[in-house]
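The chain contents come next:
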Amino acid sequence: MADYGSFHQFLTRFVTPLVAGGRVEVDGLIGPGVLAGWIRPVDLDATAVAWVHDAARLRLAKVGPIGHADHLPPDILALAAVWHNLVAMTHPDVRGKMSLRRKVRQWCAAFLEWAGVPFSRADVSLRHGILGRLAQLGRVDTHVTFWAGYADFLGVAPPASLVALPRIRRVSEEKTRVGFIELLLGLDAPDLDDDSADLVGVARAALALSPLTDLSLADRPKPFTFAWTSPALNALGDEALRGAAARILLGRGAAALRAVEQATLAAVRAECLPAAAQLLLRFHLELAVFEGMSAARAAEAPRGGQPSSGASPLPSQPVAWDAYTRLGSERVAALVGLPAELVARALPIDPNRATPKEPPSAPLLARAGALETRT
Amino acid sequence: MIERVAQHQSRFRTPGLGPDSRGVALGPSGVVLVPSMERLVAFLRAAGEEGALDELLDSLRILQVLSALRTRELVVEVQAGSSHRMDRLAAIARLVGAMVFTGSGRHFVKYRDAQAPFGYDIAQLLDDPQDLALYHDRFSQPYRHDKDIALRDLLLRLAPVAVPRTRAEAPRTLYALVRTGLGDAVVGYLARWAVPARVAVVEWQRGGTSDVVERAWLLQLAQPAPRFTKLLRSLPGVRLFVPDGERAVVEFGHRHPIPLSACAALFGAEELVMFRAGGDGAITLPSRPPFVDVQTVTSLVANAPATVENVKTFGASGSFSLPLKLVPSGSPPKRVAAAVIPLGDQDTLGRMLSVLPPAMLNRIHVAFTETSIYLYGPDAASVIALGVLYEDLGDNVFAPLGWSLSPPIPSDVLRQLSRAPGDARLFVTGAKVPLTAIPTSAFVPATRVLLADLPVLEDALIAPPLDADTALPDVWPTPPGLLAGLMSPGARGDVPPPRAPLQLDTATSTGTGSDPSGG
């Protein structure tokens, strides 16, 4: 085995394909002792690093002007090493090996502790630039049947000798791509009582340290359900990162928007700070206005359907729509910093709408200290 | 008698002999001694085939000489020019058993051969050379001039010889010498078949002791079909000739012993010499006959009836009022160009049109009336197996396939009588009103009427998803082994101290961080 712990090997075999696509090699495990070598790498290949930078820059350019990527700090590599180990532990062969899970949890905790939370916009954007394609990561499993039986290959390609002479040997291949969330579900062991071997919490913590990546996977199922964390809320405080988060969520679709609203309500129920509630309220109102503007543009298109006056124009954001109708377009416009006329045109309020008995946005508005008004 | 010339020898006893650029002893003239007339003809024929005869014609003389023993021999005298020309001449002469000499005036010495590459010189001149003295390694003999023989006369006296039939087929131009009595018939026959032929009347003196002037028709046929050649050849009184060179023609199936194409300079520019076979001699026409097209001759010489005068004419004021009917036709069908299909078969017609090849469909035009669909397609209507197929009678008049008009009036007259607009297509349906006129403008391309109004869904565009243009990252896992906890890279070693916060120029520190749990 090559020295997989070296900076160059890890960069070219794991980080680069993770960013640019291709064969992401997960070879065994990586311990935190490699960090000492990664801080001052002796085998730094500037071309390989520049390649990663280019791919990350292109990715960041799609979510907004949130910074540039022109260097590769070791904390990102530490986070990438955590994901390397977690993905390695999704292999069925090591699922029940408790000692190995404990060791991995210990090593990942050391990596996460060393990487720490993102301090700045640059940290957040760089981490998302490198790890933003985790959602597309997958494993192609191949089920090969031949005249004498069958064989399964997880991730790796079947040997050429096995699939040779397909007509004579009656070889058929069936490829299945296992998505990232399904891979992560392999980390969960329901019959596990030992918390010291729990890797689900490690994965959640690793996701939390890259807030934009965390938001891009907001529609993930249990036990990885999205929840607001302090690094994510910290990132929302930055206007550029908030805009990027909004673009990422609107690009992910209705499921992600609903998941984020549920996470907001959960945070409010957990009695988060009023400032955090205000930040979340503003973020959701911005999301609502952005989505309303997109819907208005679609409605203006010829032959397009007219928006119905009775139904909510934002079925994917019931909390935000309810908060908007309660606050009114002018107040929301002042809150999100947009012209009131634009907001009113993007989200027209039907005066004859029915008032819900239990307004979904009530806890959020109350926690944020916003007065309820009727328009 | 003669001696070999050495290399670089410059002094010779033979008058006029001198070395040329190659050192060959060469005089200004060359002489070929031919023992008989047959050999002479063979020599001229070989020279003509080889292509050397036309070069020699300007200086060629044929002399008949008498030897001391009173034997007649023939001498061909030419300008030597160069040793190259003489070499070719010597090769031809050796072929026919003649001897070649070179020299000037009256003394001629043997031309070079393999034994003397630089030629020969006379060792001692004859005391009495008479008119011509020839010096050979086997003899030295004086000759007396008997008479000159003109090459043109020789050519005219020679009779063509027959050639194998396969070499004389399909001539590009054919001349036919037709006796006067046959002229009208042959010319009329050719005119009726529209053969590209021209005709002239030629006259010539029979020659010899007779003063009779013979007269005949001379036909010139350009690339005649083999059947005309065969027919004319089989007619008694018709002689066929094929050109040999620009100014001479030889009887068809024969060849002149000497290639006449190499002897064009011997005939006048306007002259036409016709070599007849069978010992009839050649006909020399002093000027080329004024050929005219056979069609014009036919109309001029045809026996037209005498013009009837004082006949009164009346306008066609009356009519027989016969009904226009369709009767079964026994004539072969013409081109199907249209079809009339009942309106009830509209759906079937649409399905048939929809499976036609695009090129064929593009050629079909249809017009709808209250009862029928009129389909027009000169090359495509025949594939529609519906309704009644119509064939084109001309002038945009169509009749049902297998039927003809009764009375059989031409299509232009029918169109004139119908008084239909000029741009209408007339269909003779044979119904109570026998003619149906459909304006041409009513016909529209079938491709236009195959489909009704097409609903269009204008799909809304959305932005492409992120990373749609990038390859997917695929995990290629190697599961950790049993000792991975001990043997993995970085399994041992200390973790470095925590890093410092990263600050970039464009990055600003975020401000409102707070813990949702209040931490």
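Structure first, text after, so check above.
Residues numbered from 1 in each chain as written. Chains lettered and ligands numbered in written order. Predicted model: local features only at pLDDT ≥ 70, side-chain atom pairs only at ≥ 80, totals over all residues. Heavy atoms only, no water.

Student: Describe the pattern of salt bridges, naming the residues involved and giving the relevant values.
Tutor: All names here are of chain A. One pass over the full model with this rule turns up 29 salt bridges over all chains. Across the pair Arg13 and Asp27 runs a salt bridge whose closest N-O atoms are separated by 3.6 Å. Placement of the pair is Arg13 in helix 1 (residues 7-20) and Asp27 in strand 1 (residues 22-27), with a sequence separation of 14 residues. When sorted by exposure, Arg13 lands in the same class as Asp27, which is buried. Among the salt bridges present, the one from Arg326 reaches Asp322, with a minimum N-O distance of 3.0 Å. Highlighted residues: Arg326 and Asp322, both in helix 14 (residues 318-327), separated by 4 residues, approximately one helical turn. Put simply, Arg13, Arg23, Glu25 and Asp27 are held in one network by salt bridges that share partners. (Salt bridge = Lys/Arg side-chain N within 4 Å of Asp/Glu carboxyl O. Helix = DSSP H or I, 4+ residues; strand = E, 2+ residues; numbered from the N terminus. Buried < 20%, exposed > 50% of the residue type's maximum accessible area, 1.4 Å probe, protein only.)

Student: Requested: an account of the packing of aromatic side chains, with residues and values cited.
Tutor: All told, the structure shown has 15 aromatic pairs over all chains when counted by the stated rule. Consider the rings of Trp228(A) and Phe283(A), whose centres lie 6.0 Å apart with planes at 85°: the pair is edge-to-face. Residue Trp228(A) is located in the loop between helix 9 (211-216) and helix 10 (230-236), and its partner Phe283(A) is located in helix 13 (residues 274-300); the two are separated by 55 residues in the primary sequence. Exposure remark for Trp228(A): the relative accessible area of 6% places this residue in the buried category. When its relative accessible area of 0% is taken as the criterion, Phe283(A) is described as buried. Within the aromatic cluster, the residues linked to one another by ring pairs are Tyr374(B), Tyr376(B), Tyr390(B), Phe398(B), Phe427(B) and Phe443(B). Over the face of the ring belonging to Tyr376(B) we find Arg425(B), whose NZ or CZ atom lies 3.6 Å from the ring centre. (Phe/Tyr/Trp six-rings, centres within 6.5 Å; stacked < 30°, edge-to-face > 60°. Lys NZ or Arg CZ within 6 Å of the ring centre and 35° of its normal.)

Student: Got a sec to walk through the nonpolar core? Specific residues and values, please.
Tutor: Residue and element names in this part refer to chain A. In this structure, Phe10, Val15, Trp38, Trp83 and Ile130 are the most contacted members of the largest nonpolar core, which totals 63 residues. The greatest single-element share of this core, amounting to 11 residues, is contributed by helix 4 (residues 74-88). Sequence-distant contacts of Trp83, that is, excluding residues within four places in its chain, are made with Phe14, Leu131, Leu134, Phe180, Leu184, Ala203, Ala206 and Leu207. (Core = buried A, V, L, I, M, F, W, Y, C linked by side-chain atoms within 4.5 Å. Contact = heavy atoms within 4.5 Å.)

Student: Outline the sheet that holds strand 17 (residues 248-251) of chain B, supporting the account with residue identities and numerical values.
Tutor: Residue and element names in this part refer to chain B. Read across the sheet, 8 strands follow the order 20-19-17-16-13-15-14-21 without closing on themselves; strand pairing throughout is mixed. The sheet terminates laterally at strand 20 (282-285) and strand 21 (292-293), the two strands that pair on one side only. Examined bridge by bridge, strand 14 (residues 197-207) and strand 21 share 2 bridges and lie antiparallel to one another. The residue of strand 21 that forms the bridge with Val199 is Val292. (Pairing = 2+ DSSP bridges.)

Student: Before we move on, could you go through the environment of Val212(B) and cite the residues and values that matter?
Tutor: Residue and element names in this part refer to chain B. Tracing the backbone through its elements, the reader meets Val212 in strand 15 (residues 210-222). Under the relative-accessibility criterion, Val212 is labelled partly exposed at 37%. In contact with Val212, not counting residues within four places along its chain, are Trp204, Gln205 and Arg206.

Student: Can you explain the sheet that holds strand 10 (residues 132-135) of chain B? Please cite residues and give values.
Tutor: In sheet architecture, strand pairing relies on hydrogen bonds along the backbone and comes in two forms, parallel and antiparallel. Residues and elements named next belong to chain B. Taking strand neighbours around the barrel as the criterion, the 7 strands line up as 4-6-5-11-10-8-7 in a closed arrangement whose pairing is mixed. On average, adjacent strands in this sheet sit at an angle of 35° to one another, irrespective of strand direction. Pairing of strand 7 (residues 99-104) with strand 8 (residues 107-110) involves 4 bridges; the strand directions are antiparallel. Looking at the pairing, Phe101 lines up with Lys110 of strand 8. The strands touched by helix 1 (residues 37-50) are strand 4 (29-34), strand 5 (61-66), strand 6 (72-79) and strand 11 (140-149); relative to strand 6, the strand with the most contacts, the crossing angle is about 25°. Set on the sheet, helix 3 (residues 83-95) makes contact with strand 4, strand 6 and strand 7; between it and strand 7 the angle comes to about 145°. (Axes fitted to C-alpha atoms, helices over the stretch in contact; angles between N-to-C directions.)

Student: Tell me about the pairing of strand 13 (residues 173-179) of chain B, residues and numbers included.
Tutor: All names here are of chain B. With 5 of 7 residues buried, strand 13 lies mostly within the body of the structure. In terms of strand pairing, strand 13 meets strand 15 through 7 bridges, oriented antiparallel. Note that in strand 15 the partner of Val178 across the bridge is Trp217. One ladder, built from 4 bridges, connects strand 13 with strand 16 (residues 238-243); its direction is antiparallel. Within the sheet, the bridge partner assigned to Ala176 lies in strand 16 and is Leu240.

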